[in-house]
Amino acid sequence: MSALLQELNGFSLRIAQAIESNDWEQLTEILMQRQARLETLLNVPLSENEQHAIQGVLESIQAMDSLFVDTVQSKKTELLKDFKSVAQGQKVVRAYYATATN
């Protein structure tokens, strides 16, 4: 049980690294692995002490996930700004070529 809880805690570090490096495919894989471990954990009979320990881990996971969502939203906003800037640049270039060839 302890090893599984440590593994779940380790997922947060891997998730943070994937987000930081913009590795969305790796992030998806990590989240799927974590989900499988959570399902395993929640489908075994647990003592009351184990339930309390798991509850603490799950609350920690929820708090970290909230931070991860905020970080991903910020990255999404940055990417949209970059995309709009590139699109505007392409529009300017097309307008330049249109007037240059006339």
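Conventions we followed
- Residues numbered from 1 in each chain as written.
- Predicted model: local features only at pLDDT ≥ 70, side-chain atom pairs only at ≥ 80, totals over all residues.
- Heavy atoms only, no water.
- Core = buried A, V, L, I, M, F, W, Y, C linked by side-chain atoms within 4.5 Å.
- Buried < 20%, exposed > 50% of the residue type's maximum accessible area, 1.4 Å probe, protein only.
- Helix = DSSP H or I, 4+ residues; strand = E, 2+ residues; numbered from the N terminus.
- Axes fitted to C-alpha atoms, helices over the stretch in contact; angles between N-to-C directions.
- Parallel < 35°, antiparallel > 145°, perpendicular 65-115°, else oblique.
- Left-handed = near helix turned anticlockwise from the far one by under 90°.
- Contact = heavy atoms within 4.5 Å.
- Nonpolar A, V, L, I, M, F, W, Y, C, P; charged D, E, K, R; others polar.

What follows is about the nonpolar core. In summary, soluble globular proteins display a tendency toward joint burial of nonpolar side chains. Grouped together as the largest cluster of nonpolar side chains are 15 residues, with contacts concentrated most on L8, I15 and L41. Secondary-structure elements contributing two or more residues to this core are α1 (2-20), α2 (24-42) and α3 (48-100). Ranked by the residues each element gives to this core, the list is headed by α1, at seven residues.

Quick look at unusual backbone geometry now. Positive phi outside glycine occurs at N22, with the angle close to 55 degrees. By the element assignment, N22 lies in the loop between α1 and α2.

This paragraph deals with the packing of α2 against α3. Two elements in contact, α2 and α3, have axes whose closest approach is 14 Å; the angle formed by their N-to-C orientations is 160 degrees. Looking at the two axes, α2 sits roughly antiparallel to α3. For the pair α2 and α3, the crossing hand works out as left-handed. Here α2 contributes W24, R34, L38, L41 and L42 to the contact with α3, which in turn contributes I54, L58, I61, D65, V72 and K75. For the contact of α2 with α3, the class distribution of residues is eight nonpolar, no polar and three charged.

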